[in-house]
Amino acid sequence: CTDLIDIRMSERIKMQNLTGFMDTAWFKNQDWENMMFCGGLTWSLDQNGSLTIWGRGNIPDFEQDDHSGWKQHKEQIHRIVIQEGITSVGRFAFDGCINLTEVEFPESVTGIGEGAFSRCRNLKRIVIPDTVTDIGPSAFKGCTRLSEVRLPEGLTEISSWLFKNCDRLKQIPVPAGVKTIGTGAFYRCVSLETVLLPLGLETIGVETNRAGIVTDAMCRTNVPGIYAIGDVNGHHMLAHTAYREAE
C-alpha cells in the first residue's frame, strides 16, 4: 500500500510491531532514528529533553530503580507529552526524572500508578484531567518544588503518601467527590496552609475506636504529624482536662 499516509486504529487493537506497514508512505515518513518502543507504545526524546509517548493502551509498570526504556535517559527529560490513546500511567513510570518541569496529559488517561512521578523534584505544576479517577499511593511523593496542583473532579480517594515531602505546596482544593484521604497524604508538606475539604469526606486515615480517635500517651495518632487532644480521643473530656491543668 505504497500510497498509505495515515493510520487510525481502534483502541482495542494492540500493535506488537510495525513491520506490517513497511513500504507504505506513512512508514517512510516516520523518524525511526529517534523512535523507541516500550510495552507496545512508541516514544521519542528530542534534543530539548521533550519525551513524547504515543500509541494505544497503558504505559507499563516499572520498578523504582529500573533503567529500561526512557528511564535510562531520565535525567535528560524536561517535558513529558502523553498523546491521546494512552489510558493509564504505570507504577514508577517517571520516578526520579529530576529535571522534569512539565507534564501534558490527554483526556484518554484514567489512572496514574503508584510512584509514577515520585522524586521529580523540579516539577512545579501539575494539572490532571477530569477523566482520571484513580491516582496511586506516593504518585507525587518527593516533588519538592511542586507548588500548584489541580486534582480531577472524578477523584474519590487521595491515596496514602500522595504528596509526601512536597514542601512547597501551599494549598490544594480537594475535589467534592473525595470521600477518603489516605495515611500521610500530605505528610511533611511544611508549607501547606490551606486544604479545602469536601462535605462528603468520610475517612482521613486516622484510626478510631468506640471511644474516639486512638492516640498514644502524647496524643499522637497513627498518622504522623496528626494529634488528637481533649474529648475526641476518649481519655479526658476537654473541659475536665483544662480544669485539672489549671489546678
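Data block above holds the structure.
Below, the structure is looked at part by part. (Residues numbered from 1 in each chain as written. Predicted model: local features only at pLDDT ≥ 70, side-chain atom pairs only at ≥ 80, totals over all residues. Heavy atoms only, no water.)

Take the overall build of the protein next. For the protein, the helix and strand inventory stands at two helices and 17 strands. Out of the 247 residues in the protein, the part that is buried amounts to 41%. Look at the contacts in the protein between residues 6 or more apart in sequence, and 28% of them connect residues 24 or more apart. (Helix = DSSP H or I, 4+ residues; strand = E, 2+ residues; numbered from the N terminus. Buried < 20%, exposed > 50% of the residue type's maximum accessible area, 1.4 Å probe, protein only. Contact = heavy atoms within 4.5 Å.)

The phi dihedral of F92 falls on the positive side, at around 55°, and the residue is not glycine. With phi around 65°, R119 is a residue other than glycine that occupies positive phi space. Considering the arrangement of structural elements, one finds R119 in the loop between β8 (111-112) and β9 (125-127).

By the definition in use, this model includes zero disulfides. Unpaired in this structure, C166 has its nearest cysteine sulfur neighbour in C143, at a distance of 5.2 Å. Judged by its relative accessible area of 0%, C166 is buried. (Disulfide = S-S within 2.5 Å.)

In this section: the pairing of strand β6 (residues 86-89). With two bridges connecting them, strand β4 (residues 57-58) and β6 associate as parallel partners. Counted as the bridge partner of G57 is I86 from β6. Strand direction decides the pairing type here: β6 and β8, joined by two bridges, are parallel. For S88, the partnering residue across the bridge sits in β8 and is G111. (Pairing = 2+ DSSP bridges.)

Once that is clear, we can look at the pairing of strand β2 (residues 41-45). Burial analysis of β2 places five of its five residues in the buried class, which makes it a mostly covered element. Here β2 shows a buried face lined by L41, W43 and L45 and a second buried face lined by T42 and S44. Pairing of β2 with strand β3 (residues 50-54) involves four bridges; the strand directions are antiparallel. The residue bridging T42 from the neighbouring strand is W54, located in β3. Connecting the antiparallel pair β2 and β3 is a turn made up of four residues, with G49 showing a positive phi of about 85°.

On to the environment of I181. For I181, the location among the structural elements is in strand β14 (residues 180-181). Along the sequence, I181 and V206 sit 25 residues apart, while their C-alpha atoms lie 9.4 Å from each other. Not counting chain neighbours up to four residues away, the residues in contact with I181 comprise I158, F186, L197, L201, T203, I204 and G205.

This part is about the packing of aromatic side chains. Aromatic ring pairs: the centre-centre distance and the angle between the two ring planes describe each pair. By the definition in use, this model includes nine aromatic pairs. Each ring, one from W70 and one from F94, has its centre 5.6 Å from the other, and the planes form 20°; the classification is stacked. Taken as a pair, W70 in the loop between β4 and β5 (79-82) and F94 in the loop between β6 and β7 (102-104) lie far apart in primary sequence, 24 residues in all. Across the pair, exposure class does not vary: W70 and F94 are buried alike. An angle of 10° between the planes, with centres 5.9 Å apart, marks the rings of F140 and F163 as stacked. In this pair, F140 sits in the loop between β10 (134-135) and β11 (148-150) while F163 sits in the loop between β12 (157-158) and β13 (171-173), placing the two residues 23 residues apart along the sequence. (Phe/Tyr/Trp six-rings, centres within 6.5 Å; stacked < 30°, edge-to-face > 60°.)

This next bit is on the nonpolar core. One finds F94, F117, F140 and F163 to be the most contacted residues of the largest nonpolar core, which totals 50 residues. For this core, the elements supplying multiple residues, two or more each, are β2, β3, β5 and β6. Considering each element in turn, this core owes the most residues, three residues, to β2. (Core = buried A, V, L, I, M, F, W, Y, C linked by side-chain atoms within 4.5 Å.)

Scanning the model with the defined rule gives eight salt bridges in all. The partner of D65 in a salt bridge is R119, with the nearest N and O atoms 3.9 Å apart. Residue D65 is located in the loop between β4 and β5, and its partner R119 is located in the loop between β8 and β9; the two are separated by 54 residues in the primary sequence. A residue is classified by how much of its surface remains accessible, and R119, at 36% relative accessible area, is partly exposed. A salt bridge links D130 to R150; its shortest N-O distance comes to 2.5 Å. One end of the pair, D130, is in the loop between β9 and β10; the other, R150, is in strand β11, and 20 residues separate them in sequence. Relative accessible area serves as the criterion here: at 37%, D130 is assigned to the partly exposed category. Classification of R150 by relative accessible area gives partly exposed; the value is 33%. Ionic contacts of the salt-bridge type, sharing partners, join the residues D65, D95 and R119 into one network. (Salt bridge = Lys/Arg side-chain N within 4 Å of Asp/Glu carboxyl O.)

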